Amino acid sequence: MLERTFLLIKPDGVQRGLVGEIISRIEKKGFKLVAMKLMQMQRELAEEHYAVHRGKDFYPELVDFITSGPVVAMVVEGFEAVRQVRSLVGATFPADADAGSIRGSMAAEARFNLVHASDAPETAIREIATFFSEEEIISYSRDIDRWLSSASE
Ligand code: CMP
């Protein structure tokens, strides 16, 4: 099923110069970027995005960190994009992440785990709407998309 997911490159990804590497992995897999922006998250947006973690011991540090520097927010479209992007990203704790994943190959700690990706289709819809307006999401077609959509019919 063709779907959209939300992917956020955290401040450590930007600071470490890994934006290109991370986007490249998404593109190489065949996914399509349909929205993207470099932004400084304000506390209000961070608290909304991470509302499910409010009250957890790591929550204050999480909000401090995510607002500490620029992030890159994007919307990624493709076949089973939510599950497949989670797989490219790897487990939350880098020690548990597959060695070839983004976290498994480039991160060492849960707080500095480089990226956030939506964990379910309903979460993706909410997170995309938190960061992007409808006008900021661009629909365009590639030749490969015609093959993909006819294959999934
Ligand atoms: P993310 O996918 O952005 O979702 C919530 C984030 O909280 C998670 O990635 C980690 O960066 C962070 N996180 C989750 N659990 C812990 C933990 N036990 N200690 C520190 N940070 C955590």
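Since this is a predicted model, take the numbers as computed values, not measurements.

## Here we look at the overall build of the protein chain
Scanning the protein chain for helices and strands turns up eight helices and four strands. The helix and strand sequence of the protein chain, counted from the amino end, reads β-α-α-β-α-α-β-α-α-β-α-α. A globule of 153 residues ought to have a C-alpha radius of gyration of about 15 Å, and the protein chain, at 15 Å, matches this closely. Each principal axis of the C-alpha atoms in the protein chain carries an extent, and together these give about 45 × 35 × 25 Å. Looking at the protein chain as a whole, 45% of its 153 residues qualify as buried. Summed over all atoms, the accessible surface of the protein chain reaches about 8,300 Å², with 53% contributed by carbon and sulfur.

## Digging into the site of the ligand
Surrounding the ligand, one finds K10, Y50, H53, F58, L62, T92, F93, R103, A110, R111, N113 and H116. Contact distances for the ligand include 2.7 Å between an oxygen atom and a side-chain N or O atom of K10. Note that an oxygen atom of the ligand is positioned 3.2 Å from one of the side-chain N or O atoms of R103. When isolated, the ligand has an accessible area of 450 Å², and the protein chains bury 82% of it.

## Observations regarding the nonpolar core
Core analysis: the largest hydrophobic core is formed by 21 residues, its most contacted members being L7, I22, M74, V76, V85, L114 and V115. Setting aside anything within four residues of it in sequence, one finds V115 in contact with L7, L8, I9, K10, I22, V89, I102 and R103. In terms of nonpolar packing, the next biggest core, distinct from the first, is built from 20 residues, L8, M39, A73 and V75 among them.

## Things to note about the side chain of N113
Along the chain, N113 falls in the loop between α6 (102-106) and β4 (115-117). On the accessibility criterion, N113 (2% relative accessible area) is buried. A distance of 3.3 Å separates a polar side-chain atom of N113 from the backbone oxygen of T92. Not counting chain neighbours up to four residues away, the residues in contact with N113 comprise K10, D12, T92, P94, R103 and A107.

## Observations regarding the environment of Y140
With respect to the element layout, Y140 can be found in the loop between α7 (121-131) and α8 (143-151). Considered as a pair, Y140 and K32 are 108 residues apart in the sequence and their alpha carbons are 9.3 Å apart. Here Y140 is in contact with K32, L33, V34 and D145, once residues within four sequence places are set aside.

## Here we look at the sheet that holds strand β1 (residues 2-9)
Read from one edge of the open sheet, four strands run β2-β3-β1-β4, paired in antiparallel fashion. One side of each edge strand has no neighbouring strand; the edge strands of this open sheet are β2 (32-39) and β4. When strand polarity is set aside, the average angle formed by the axes of neighbouring strands in this sheet is 20°. Across three bridges, β1 lies against β4 in antiparallel orientation. Paired with L8 across the two strands is H116, which belongs to β4. On top of the sheet, helix α5 (residues 81-89) reaches β1, β3 (71-79) and β4; it is set at about 35° to β1, its chief contact.

The rules behind the values
Here, residues in each chain are numbered from 1, in the same order as that chain's written sequence. Note on the predicted model: pLDDT of at least 70 is required for a residue's local features to be given, and 80 or more for side-chain atom pairs to be given and counted; whole-chain, interface and lining totals, by contrast, use all residues. Hydrogen atoms and water are omitted, and side-chain values are computed over all heavy atoms in the structure. Segments assigned H or I by DSSP are reported as helices when at least four residues long, segments assigned E as strands when at least two residues long, and all are numbered from the N terminus. What the globule rule says is 2.2 Å times the number of residues to the power 0.38, and the radius of gyration is computed from C-alpha atoms. Type-normalised accessible area, obtained with a 1.4 Å probe on protein chains alone, sets the label of each residue: buried when under 20%, exposed when over 50%, and partly exposed for intermediate values. Under the convention used here, a 1.4 Å probe and the Shrake-Rupley method define accessible areas, while residue burial counts only the protein chains that appear. Being near a molecule or strand, for a residue, means having at least one of its heavy atoms within 4 Å of it. Counting of polar contacts relies on pairs of N or O atoms within 3.5 Å, with two restrictions inside protein: one atom must be capable of donating a hydrogen and the other of accepting it, and residues adjacent in sequence are counted only when both atoms are side-chain atoms. Only buried residues count toward a nonpolar core. Its members are Ala, Val, Leu, Ile, Met, Phe, Trp, Tyr and Cys residues joined through side-chain atoms within 4.5 Å. Between two residues, a contact is recorded if the distance between any of their heavy atoms is within 4.5 Å. A strand pair is defined by DSSP finding two or more bridges across the two strands. Orientation is described by lines fitted to C-alpha atoms, with helices fitted over the stretch in contact, and by angles between N-to-C directions that extend from 0 to 180 degrees.

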